[in-house]
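Residue-level structural notes
Spelled out, the chains give:
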Amino acid sequence: FFLFIQDFSKAMSQAGSSQFQEVIRQELEYSMKVELDKILATAHSNELEHTKKDLEGFKKLFHRFLQEKGPSVDWGKIQRPPEDSIQPYEKIKARGLPDNIASVLNKLVVVKLNGGLGTSMGCKGPKSLIGVRNENTFLDLTVQQIEHLNKSYNTDVPLVLMNSFNTDDDTKKILQKYSHSRVKIYTFNQSRYPRINKETLLPIAKDVSYSGENTECWYPPGHGDIYASFYNSGLLDNLIAEGKEYIFVSNIDNLGATVDLYILNHLMNPPNGKRCEFVMEVTNKTRADVKGGTLTQYENKLRLVEIAQVPKAHVDEFKSVSKFKIFNTNNLWIALSAIKRLQEKNAIDMEIIVNPKTLDGGLNVIQLETAVGAAIKSFENSLGINVPRSRFLPVKTTSDLLLVMSNLYSLNAGSLTMSEKREFPTVPLVKLGSSFTKVQDYLRRFESIPDMLELDHLTVSGDVTFGKNVSLKGTVIIIANHGDRIDIPAGALLENKIVSGNLRILDH
């Protein structure tokens, strides 16, 4: 009887706490609604419609955020994907190409995620406008690639840029320069959501403006926003009306993400007659990629699992290169008709990523975001394709920039390919210290980009500069201690060397 009373009171208190939590949730939602209505009331008539859509989308996301607790995967349910659900690229390439590849290409749209700023590399403005190779920016290279396709096959593959409110104006100004290129370029904007005060869970914005001191009040909610924004812009319907069937989506800073005709052919002419609605390109993990999201089988569906969703006790297991051998490159092929169908049914399910930030004034805020690849489980007949590492060449830091500017790669029609002179197919591991973080500092420290064809590993730390025509081979470590400076002289060859201390050209 005593045990029964104990169980009963425990059940009552649990019910009480869940009821209490429900009351708090409702209050928070109500307070959020009041604040969003106040913000909406400050909108001018010309921005009312899209602001309303943005805030509606945000409200849905906030509602889900309040409902969900803790990591959203049950670790016990995670299984290895079935053999045939991740196909090797070689198998898809072995099918060859049909004679009518041009008609297949005409069904394709290339979409680049162009919402990011170059702030992590010390640049103002859109990241896509940073020069990466022979004065060409990420955007220049993208346009050159698609123009080369259109000219080679006499096709009409358009480019669509998903901008954010941070990148839209600057990108549109630059687009003038491509008016004579053989690529139709369209843009649409992703949503603009209000940042939330971490303590009060209320928006920090007081009105709709996002310039001046209000720039920190708003954020673009991650690339998972592509489905709703693409649909809301009307562009999705227009492209379907033009006979387009698939989009190839990738990050604009991934220089390996070029249109692959073999994958496109596999989508349009599937060997079993059943078309895939969603293909995710994955590639083998190296030690550098242990945090990348991985494809798993979960409740009989392919599912992308990100490190943020993994319970703490299993993070090391998630990072294991032997258990989870592949990671998501964020190169995705998606059927337009499927996006339309799922968007109209409100059936695209993506986990919420809670991204904490500290603003310049010290205020702690959170951003609610989603990731485009997380929607894979909402689509029918999804597939992973294990592609060569060369299709994943992101430039996130100046260390990455050094690789793509070097003689490791040659540039042809906007595409980078690894030099045939390099004896092994992997790229060297490069770690440039904080003196190289900003692009302008990095450029100032290299009179010319060193020869890196035989380099395995480079670490540079402190005040270091490189003269012209330096060659780096094997493992090279250069460390200038605090207050010291190292100038690598022009024409120097460093092979399996550690250089430290103080070395000025004058010392020679």
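If you check an unreviewed UniProt entry, the protein appears there as UTP--glucose-1-phosphate uridylyltransferase from Oreocharis arfaki. UniProt's Sequence similarities (unreviewed entry) comment on the protein is quoted here verbatim: "Belongs to the UDPGP type 1 family." Among the UniProt annotations of the protein, the heading Pathway (unreviewed entry) holds the following wording: "Glycan biosynthesis; glycogen biosynthesis."

This part is about the UniProt feature "binding site: substrate" (unreviewed entry) in the protein. Mapped onto the present numbering, the UniProt feature "binding site: substrate" (unreviewed entry) falls at H223. In this structure, H223 sits in the loop between β9 (218-219) and α7 (226-232). Under the relative-accessibility criterion, H223 is labelled partly exposed at 25%. Residues within four places of H223 in sequence aside, it is in contact with L113, M162, N251, N330, T370, A371 and V372. Among the polar contacts made by the side chain of H223, one reaches the side chain of N330 at a distance of 3.4 Å.

A few words now on empty space enclosed by the protein. Tallying each qualifying case throughout the model produces 2 cavities of 30 Å³ or more. Computed from the structure, the largest cavity encloses a volume of approximately 40 Å³. Residue composition of the lining of the largest cavity, grouped by class: 3 nonpolar, 5 polar and 1 charged. Looking at the second largest cavity, its volume works out to about 30 Å³. In this structure, the second largest cavity is lined by E306, Q309, E351, I353, A371 and A374.

Attention shifts here to the sheet that holds strand β14 (residues 326-335). By definition, the strands of a sheet pair up through backbone hydrogen bonds, in either a parallel or an antiparallel sense. Strand order in this open sheet of 8 strands is β1-β17-β11-β14-β10-β2-β5-β6, and the pairing throughout is mixed. Only two strands of the sheet have a single neighbouring strand rather than two, namely β1 (86-88) and β6 (185-189). Put simply, the sheet's adjacent strands are angled 25° from each other on average, direction ignored. Note that strand β5 (residues 159-163) and β6 share 5 bridges and pair parallel. Bridge assignment links M162 to a residue of β6, and that residue is F188. Seen against the sheet, helix α5 (residues 138-153) touches β2 (108-114), β5 and β6 and runs at an angle of roughly 155° to β5. Across the sheet, helix α11 (residues 336-344) is in contact with β10 (246-251) and β14; its angle to β14 comes to roughly 90°.

This next bit is on the pattern of salt bridges. By the definition in use, this model includes 29 salt bridges. Across the salt bridge formed by D349 and K377, the nearest N and O atoms sit 3.8 Å from each other. A residue pair is termed long-range when its members are at least 10 positions apart, and D349 in the loop between α11 and β15 (353-358) and K377 in the loop between β16 (364-369) and β17 (383-386) qualify at 28 residues. D349 sits in the partly exposed class, given a relative accessible area of 39%. Each of R64, E68, R303, D349, E351 and K377 takes part in salt bridges that share partners, so that together they form one network.

What follows concerns the pairing of β14. Burial analysis of β14 places 10 of its 10 residues in the buried class, the great majority of the element. Pairing analysis gives 4 bridges linking β10 to β14, with the strands arranged antiparallel. Bridging from a neighbouring strand, V249 pairs with L332 of β14. Two elements, strand β11 (residues 278-284) and β14, share 7 bridges in a ladder whose sense is antiparallel. When the bridges of β14 are listed, V282 appears paired with N328.

What counts and how
- Residues numbered from 1 in each chain as written.
- Predicted model: local features only at pLDDT ≥ 70, side-chain atom pairs only at ≥ 80, totals over all residues.
- Heavy atoms only, no water.
- UniProt positions renumbered as here; feature names shortened; annotations may be inferred.
- Helix = DSSP H or I, 4+ residues; strand = E, 2+ residues; numbered from the N terminus.
- Buried < 20%, exposed > 50% of the residue type's maximum accessible area, 1.4 Å probe, protein only.
- Contact = heavy atoms within 4.5 Å.
- Polar contact = N/O pair within 3.5 Å; in protein donor to acceptor, adjacent residues only side chain to side chain.
- 1 Å grid on protein atoms, 1.4 Å probe; cavity = no way out; pocket = protein on both sides within 12 Å on 5 of 7 lines; lining within 4 Å.
- Points joined across faces, edges and corners; volume = space filled by probe spheres on them.
- Nonpolar A, V, L, I, M, F, W, Y, C, P; charged D, E, K, R; others polar.
- Pairing = 2+ DSSP bridges.
- Axes fitted to C-alpha atoms, helices over the stretch in contact; angles between N-to-C directions.
- Salt bridge = Lys/Arg side-chain N within 4 Å of Asp/Glu carboxyl O.

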